[in-house]
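# Summary of the model geometry
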Amino acid sequence: MDDEIELVSDGEGIALLGDAGAIERFLASEGLPSQDLGLRRLSGATATGAAALEAGSQIAATSGRWVKLTKESARAMKSMPLMKGSSASSSRAVAMDGGKTSHILEIVRTPGAMLTNPAMLTGVAGLMAQLAMQQAMQEITDYLVRIDAKVDDVLRGQKDAALAAMVGALLVIEDALTIRDHVGGVSDVTWSKVQATPATIAETQAYALRQLDDVAQKLERAQAVGEVAKAADHARAVVEEWLAVLARCFQLQDAVAVLELDRVLGGAPDELEQHRAGIRVARQKRLDLIASRVDRLMTRMDDAVGTADAKVLLHPRAAQSINASSRVVGSHVLEFTAGLGIGADREAVAVRRWLEAATEAKERALETGAAGLEGAKDLTGQTVGRARSATTKLAGTIAERAARRRPRAAEVDDE
């Protein structure tokens, strides 16, 4: 059959290799968005001599598209009606159109002609890793636009050396990405400009994490309800900005990793797989570090709401302020974790609903007088328990996701 598609999955996305028309028909039938895999960049990079010529001819005759691994794309790969293929290593997937067979695709779930070359498979995995990180970078950009965060203004407005240097690193990396898009690779000159930026980004990330730690410590040290309200108000004022700076740091670290993979692909292709795996491990460690600090901050905010609940009769105005600050900070954290792809949507929705419901309930009770305040105290005591439970679930989900996102390269299974 001519309509043969080879699938490769690395846990982040799916590469479809084969005839361009067959791939386009399959993607259209499933309504899946995709990006060009950029197979041409592998020509001559994974072999020399006669092997390079053979690899080049294979690449020229093959189209490649990349699909982000989401619930929808995974479902499309798993729910296709499979029939016996033309060989023991393949199964046919039939795409239906109005109850009629619109076309028949042969999906090969073990390496076919092109992927029998280990170097080519490694190169494809490297391209997939780059596209996954570029997708993550775009999602962070969307997050920053969505919250209307003036991250660059924050960086420029700081006198601290780490944040001031970050502006220069940002400009250098953006220039390098622009040049890469035009020339299709990373030259010695371009890399010489970029290779010092990771230290600057790491220093800025550490600074931003210290600022969040400082917010959490102020909440922890506060004893009187007035002090707690002041600390919560401070958190409300600064947390979003520092989360946005962390998001920008993470985005730039992904950008440097994309450039690194290009550099290794062009200079030491035999080391590409090890480098790709190392990048994924380092990236996950950064996510885990950020998640732990954010979880600590939210735990302190939960404690602040508990203090407000205990003192609501004597200090209704301060309690209302603490509750409002907690709701705002919680919303910022949810936006941030969604932007970086950590946490679970279900738990995020649960926390968001609690934040809204708890604030509305207490504000209504505060307006109705002492009797209402007693009801608010009981209600808030219950909602605080639910909030802490939701926060615990969110932290547990982050840990589970970290365990699942270990480096692997595997085919899409048939569960």
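In case you missed it, the structure is sitting above this.
Notes on the structure in this doc start here. (Residues numbered from 1 in each chain as written. Predicted model: local features only at pLDDT ≥ 70, side-chain atom pairs only at ≥ 80, totals over all residues. Heavy atoms only, no water.)

Within the secondary structure layout, Asp 262 lies in helix α9 (residues 225–267). Once residues within four sequence positions are removed from consideration, Asp 262 is found in contact with Arg 41, Gln 130, Arg 180, Gly 185 and Val 186. (Helix = DSSP H or I, 4+ residues; strand = E, 2+ residues; numbered from the N terminus. Contact = heavy atoms within 4.5 Å.)

To continue, consider the pattern of salt bridges. Evaluation of the coordinates by the stated rule reveals 16 salt bridges. Arg 283 is paired through a salt bridge with Asp 254; the nearest N and O atoms lie 2.8 Å apart. Taken together, the residues Arg 283 in helix α10 (residues 272–310) and Asp 254 in helix α9 connect sequence positions 29 residues apart. Asp 254 matches Arg 283 in its accessibility class, with the two residues each being buried. Between Glu 273 and Arg 276 there is a salt bridge, with the nearest N and O atoms lying 2.7 Å from each other. Here Arg 276 and Glu 273 lie together in helix α10, a separation of three residues that amounts to about one turn. (Salt bridge = Lys/Arg side-chain N within 4 Å of Asp/Glu carboxyl O. Buried < 20%, exposed > 50% of the residue type's maximum accessible area, 1.4 Å probe, protein only.)

Most of strand β2 (residues 13–18) is tucked away, with six of its six residues classed as buried. Alternating residues of β2 divide into Gly 13, Ala 15 and Leu 17 and Ile 14, Leu 16 and Gly 18, and every residue in both groups is buried. Connecting strand β1 (residues 4–9) to the next strand, β2, in antiparallel fashion are three residues, including Gly 11 with a positive phi near 90 degrees. Bridge analysis of β2 against strand β4 (residues 63–68) gives six bridges, and the strand direction is antiparallel. Across the sheet, the residue bridging to Gly 13 is Lys 68, located in β4. (Pairing = 2+ DSSP bridges.)

What follows is about the pairing of β4. Relative to β4, strand β3 (residues 35–36) runs antiparallel, the two being bridged by two bridges. For Gln 35, the partnering residue across the bridge sits in β4 and is Trp 66.

With that settled, consider the environment of Ala 308. Note on placement: Ala 308 falls in helix α10. Given a relative accessible area of 1%, Ala 308 falls into the buried group. Along the backbone, Ala 308 and Ala 319 are eleven residues apart, and their C-alpha atoms lie at a distance of 4.5 Å.

With 29 residues, helix α4 (residues 118–146) should reach 42 Å at 1.5 Å per residue; the first-to-last C-alpha distance of 42 Å fits that figure. Asp 148, located one to two residues past α4, shows a positive phi value of around 55 degrees. (Expected span 1.5 Å × (residues − 1).)

Turning to the nonpolar core, a few remarks are in order. By size, the foremost hydrophobic cluster in this structure holds 61 residues, and its most contacted members are Leu 219, Val 239, Trp 242, Leu 243, Ile 290, Phe 336 and Leu 340. Only α4, α6 (161–183), α7 (188–194), α8 (197–221), α9, α10 and α11 (316–340) provide two or more residues apiece to this core. No other element matches the 20 residues that α9 contributes to this core. The next biggest cluster of nonpolar side chains, apart from the first, holds 22 residues, and it includes Trp 66, Ala 132, Leu 261 and Leu 265. (Core = buried A, V, L, I, M, F, W, Y, C linked by side-chain atoms within 4.5 Å.)

Between its first and last C-alpha, α11 extends 36 Å over 25 residues, near the 36 Å set by a 1.5 Å rise per residue. Just past α11, the residue Gly 341 takes up positive phi, approximately 75 degrees.

As a further point, take the environment of Thr 299. Its place among the elements puts Thr 299 in helix α10. Considering only alpha carbons, one finds Thr 299 and Ala 216, 83 residues apart in sequence, at a separation of 8.6 Å. Looking at Thr 299, its side chain comes within polar contact range of the main-chain oxygen of Asp 295, at 2.9 Å. (Polar contact = N/O pair within 3.5 Å; in protein donor to acceptor, adjacent residues only side chain to side chain.)

For the coordinates displayed, the defined rule picks out two aromatic pairs. Between the aromatic rings of Tyr 207 and Trp 242, the centroid separation amounts to 5.7 Å while the plane-to-plane angle is 55 degrees, which identifies the pairing as tilted. Highlighted residues: Tyr 207 in helix α8 and Trp 242 in helix α9, separated in sequence by 35 residues. In terms of burial, Tyr 207 and Trp 242 fall into one category: buried. When the ring centre of Phe 250 is taken as origin, the NZ or CZ atom of Arg 286, which lies over that ring, is 5.2 Å away. (Phe/Tyr/Trp six-rings, centres within 6.5 Å; stacked < 30°, edge-to-face > 60°. Lys NZ or Arg CZ within 6 Å of the ring centre and 35° of its normal.)

The next subject is the environment of Leu 297. Note that Leu 297 resides in helix α10. Excluding its chain neighbours within four sequence positions, the residues that come into contact with Leu 297 are Leu 212, Val 215, Ala 216, Leu 219 and Val 239.

A word on the packing of α8 against α9. Running from N to C, α8 and α9 point in directions that differ by 160 degrees, and their axes come no closer than 9 Å. When the axis of α8 is compared with that of α9, the two are roughly antiparallel. Crossing geometry of α8 relative to α9 is assigned as left-handed. In terms of residue class, the contact of α8 with α9 is made up of 22 nonpolar, six polar and one charged. (Axes fitted to C-alpha atoms, helices over the stretch in contact; angles between N-to-C directions. Parallel < 35°, antiparallel > 145°, perpendicular 65-115°, else oblique. Left-handed = near helix turned anticlockwise from the far one by under 90°. Nonpolar A, V, L, I, M, F, W, Y, C, P; charged D, E, K, R; others polar.)

Honestly, that's just the spatial picture; any functional story needs more than this.
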